[in-house]
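Next come the chains, spelled out residue by residue.
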Amino acid sequence: MNNFTATYTDQYQLAMAEVYFKQGRHREKAVFDYFFRDLPFSGGFAVFAGLEEVLEIIRDLHFSKEDLEYLSDQGFSDDFLKFLKDFRFRGTIYSCKEGDVVFPTRPILQVEASIIEAQIIETLLLNILNYETLIATKASRIRLVAGDGILLDFGMRRAQATGAYFGSRAAMVGGFDGTSNVIAGRNYEIPVSGTMAHSFIQSYDDELKAFRDFAQGRPEGCVFLVDTYNTLKSGVPNAIKVAKEMEARGQKLLAIRLDSGDLAYLAKKSRQLLDDAGLEYVKIAASNQLDEYVIKSLLEQQAPIDIFGVGTNLITGDPDAALDGVYKLAWFNGKPRIKISESIIKVTLPHKKQVFRIKDASGKCVGADAIGLYHEDRIDEMYHPFEPYKSMKLSEFRQEALLNKVMENGKILQEHRSLSQIAEYSVSRLSELPIEYKRFNNPHIYKIGISETLRQERDKLIHNYKQSLS
Ligand SMILES: Nc1ncnc2c1ncn2[C@@H]1O[C@H](COP(=O)(O)OP(=O)(O)OP(=O)(O)O)[C@@H](O)[C@H]1O
Ligand SMILES: O=P(O)(O)OC[C@H]1O[C@H](OP(=O)(O)OP(=O)(O)O)[C@H](O)[C@@H]1O
Ligand SMILES: O=C(O)c1cccnc1
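The model shown is predicted, which means the values in this text are computed figures rather than measured ones.

Asker: I'm lost on the overall build of the protein chain in this one. Help?
Answerer: In terms of helices and strands, the protein chain carries 16 helices and 21 strands. With 470 residues in all, the protein chain has 44% of them scored as buried. Restricting to contacts in the protein chain with at least 6 residues of sequence separation, those with at least 24 account for 74%.

Structure follows, in structure tokens:
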């Protein structure tokens, strides 16, 4: 669905761009950092998602004839519109790999481009990366508790409008197995599946006939929804009857779906009824306001549920409405830049940077990332960004550089990875993360430190700023 044009942006980006253009400053080079400040879901990690999507959109980004007509109506000047007519992103992007585990305050992605290009892509980059990272993180929390259970995204109807399109993709990055969302399935090659709605059964005078017709019409991957009237007295017995008729025709009922009531109790009772009828192969699916906490609880109750359909709580990132990812200027026209704030955690890190994951000799992450200047290839000691007396010696550890060039001169450098490859990578990165960062209650706080040289650069800029005030 790459129908993005360069007007997928906030008005102020274009207003600033016009002024840069009129002042003849539009070719000056800028570096922006993408990072977030708070982990979602009070968790201990986030899963970075949306990169491949964003790179493809940026590669193809341009202003259409209709865009330019609209902007002309909005009062943008003719010479600026003439410039926009040939607009293409020709910058360089460094990024973590999609699917990696990421943490607050450290750059996840860095854009190096002319100021106009860097501004015009800001809003769409934040829009997609913030949403996909939020949903991939939620999905991976659900995957952590679901074990080998099959996870299906049922969220499309409850998403904030077309958000489901990217949300279904992000759910796969976080470890889901499939989606009910047909357009996302088609465009991202995600396995698509589905069961049936209550309305289908309600449209018949009796449930048994509804199941029979469905089995006749859709014998492949057939799943019966068993809770329309009475799960144990009607739904499951009728499903068993039709499953036996299907067996006689050489077909197999795939599953039944529970969508209300005590899911653990009903799953146990239904499993018993199915097994007693010799239908051990028929799986049990459950849905109804599931999330990582309910699924964890159901599995602790030993509910024999094989398939979890998760909708609202996944696709809306409940209870967090958004990831607070930001895009901050770090370098401009040959000089490092800083944003000063009353709030110390909002003071930005200047300069072009590199981020290192700190690992022990066996390659296991020790729970720390260190930020240095872009030309540092190792960091011997990292300092707490705001409490300089706190530091950690790093000379003994392995250090993995996380920001790699993924786009140069507007061309994508990295090879396209399928969603399942990205999801596999995410699983392997999560497995390197110690368990304390993955628990839901009071997870361990991942350490983020800065190198001595970066600290000096930052403090020099703060000092200069203070001097300029006195
Ligand atoms: N055994 C269980 N353990 C923990 N949570 C459960 C269990 N069974 C169901 N739940 C969850 O509890 C919530 C139940 O909500 P609610 O009472 O509205 O369900 P309902 O049965 O659908 O009600 P209604 O029949 O009015 O639709 C859902 O989030 C559901 O996933
Ligand atoms: O609870 P969620 O996690 O959001 O999962 C999706 C829900 O959407 C459907 O219900 P809906 O009432 O919309 O349709 P139905 O009539 O097919 O049950 C489905 O039966 C689930 O209960
Ligand atoms: O296929 C299903 O069962 C389904 C799809 C979307 C939402 N709820 C259920």
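What follows picks up the thread again.
Asker: Would you take a moment to explain the site of ligand 3 for this structure?
Answerer: By nearness alone, every residue bordering ligand 3 is listed as Phe154, Arg157, Ser180, Gly194, Thr195, Arg257, Ser287, Gly309 and Gly311. Grouping the amino acids of the shell around ligand 3 by side-chain chemistry returns 1 nonpolar, 6 polar and 2 charged.

Asker: So what exactly am I meant to see when it comes to the pairing of strand β10 (residues 283-286) here?
Answerer: Strand direction decides the pairing type here: strand β9 (residues 255-258) and β10, joined by 4 bridges, are parallel. Bridged to Ala255 within β10 is Lys283. After leaving β9, the chain enters helix α12 (residues 263-276) and then returns to the sheet as β10, a path that is right-handed. Looking at chain direction, β10 and strand β11 (residues 307-310) are connected through 2 bridges and run parallel. Each residue of the ladder has a partner; that of Ala285, found in β11, is Ile307.

Asker: What is the right way to look at the nonpolar core in this model?
Answerer: Burial of nonpolar side chains together is a common tendency in soluble globular proteins. Core analysis: the biggest nonpolar cluster contains 130 residues, and Ala239, Ile256 and Phe308 have the highest contact counts within it. If one sorts the elements of this core by residue count, helix α6 (residues 122-146) sits on top with 12 residues. Shared between two domains, this core holds at least three residues of each, these being domain 1 (11-135 + 328-469) and domain 2 (145-315). Apart from the residues lying within four places of it in its own chain, the contact partners of Ile256 are Val223, Phe224, Val226, Val236, Ala239, Ser270, Val282, Ile284 and Ala285.

Asker: What's the story with the pairing of strand β6 (residues 150-153) in this structure? I'm lost.
Answerer: Bridge count between β6 and β11: 4 bridges; the pairing is parallel. The residue bridging Leu151 from the neighbouring strand is Phe308, located in β11. Direction of pairing for β6 relative to strand β7 (residues 178-179): parallel, over a ladder of 2 bridges. When the bridges of β7 are listed, Asp153 appears paired with Thr179. With helix α7 (residues 163-173) bridging β6 and the parallel β7, this β-α-β connection has right-handed handedness.

Asker: How should I be thinking about the site of ligand 1 in this particular structure?
Answerer: Surveying the vicinity of ligand 1 reveals the residues Ser260, Gly261, Asp262, Leu263, Ala264, Asn288, Gln289, Leu290, Val294, Ser297, Leu298 and Gln301. For the shell around ligand 1, the secondary-structure elements that each account for two or more residues are α12 and α13 (292-300). It is α13 that provides the largest number of residues to the shell around ligand 1, a total of 3 residues.

Asker: Looking at this structure, how should I read the UniProt feature "domain: Nicotinate phosphoribosyltransferase C-terminal" (unreviewed entry) in the protein chain?
Answerer: Mapped onto this numbering, the UniProt entry gives "domain: Nicotinate phosphoribosyltransferase C-terminal" (unreviewed entry) at residues 352-456. The span residues 352-456 is 18% helical and 35% strand by assignment, and the distance between its end C-alpha atoms comes to 14 Å.

Asker: Sorry if this is basic, but what is going on with helix α10 (residues 207-217) here?
Answerer: One turn of an α-helix holds 3.6 residues; hence residues three or four places apart share an orientation. Looking at α10, one finds that the buried residues are Glu207, Ala210, Phe211 and Phe214. Down the axis, α10 shows its buried residues gathered within 95° of arc, on one side only.

Asker: How do you make sense of the environment of Asp78 when you look at a structure like this?
Answerer: Looking at the element boundaries, Asp78 is found in helix α4 (residues 78-85). Taking the C-alpha atoms as reference, Asp78 lies 9.5 Å from Leu68; in sequence the two are 10 residues apart.

Asker: Any chance you could explain the domain arrangement of the protein chain here in plain terms?
Answerer: Where the parts come together, the accessible area they lose is often given as the size of the interface. Domain annotation of the protein chain identifies domain 1 (11-135 + 328-469) and domain 2 (145-315). Averaged C-alpha coordinates put domain 1 and domain 2 at centres separated by 40 Å. When residues of the side of domain 1 that touches domain 2 are traced back to their parent elements, those giving at least two are α6 and α15 (419-432). The element best represented in the side of domain 1 that touches domain 2 is α15, accounting for 5 residues. Looking at side-chain class alone, the side of domain 1 that touches domain 2 contains 9 nonpolar, 4 polar and 3 charged residues.

Asker: Teacher, can you tell me more about the UniProt feature "domain: Nicotinate phosphoribosyltransferase N-terminal" (unreviewed entry) in the protein chain here?
Answerer: With numbering matched to this structure, UniProt assigns "domain: Nicotinate phosphoribosyltransferase N-terminal" (unreviewed entry) to residues 9-130. Across residues 9-130, helical content stands at 44% and strand content at 17%; the span's end C-alpha atoms are separated by 15 Å.

Analysis parameters
Residues numbered from 1 in each chain as written. Chains lettered and ligands numbered in written order. Predicted model: local features only at pLDDT ≥ 70, side-chain atom pairs only at ≥ 80, totals over all residues. Helix = DSSP H or I, 4+ residues; strand = E, 2+ residues; numbered from the N terminus. Buried ≥ 20, exposed ≤ 12 C-beta atoms within 10 Å, placed from the backbone. Contact = placed C-beta atoms within 7 Å. Near = placed C-beta within 6 Å. Nonpolar A, V, L, I, M, F, W, Y, C, P; charged D, E, K, R; others polar. Pairing = 2+ DSSP bridges. Right-handed = clockwise from strand over helix to strand, strands pointing away. Core = buried A, V, L, I, M, F, W, Y, C linked by C-beta atoms within 7 Å. Domains from an automatic or database assignment. UniProt positions renumbered as here; feature names shortened; annotations may be inferred. Arc of directions from axis to C-beta.

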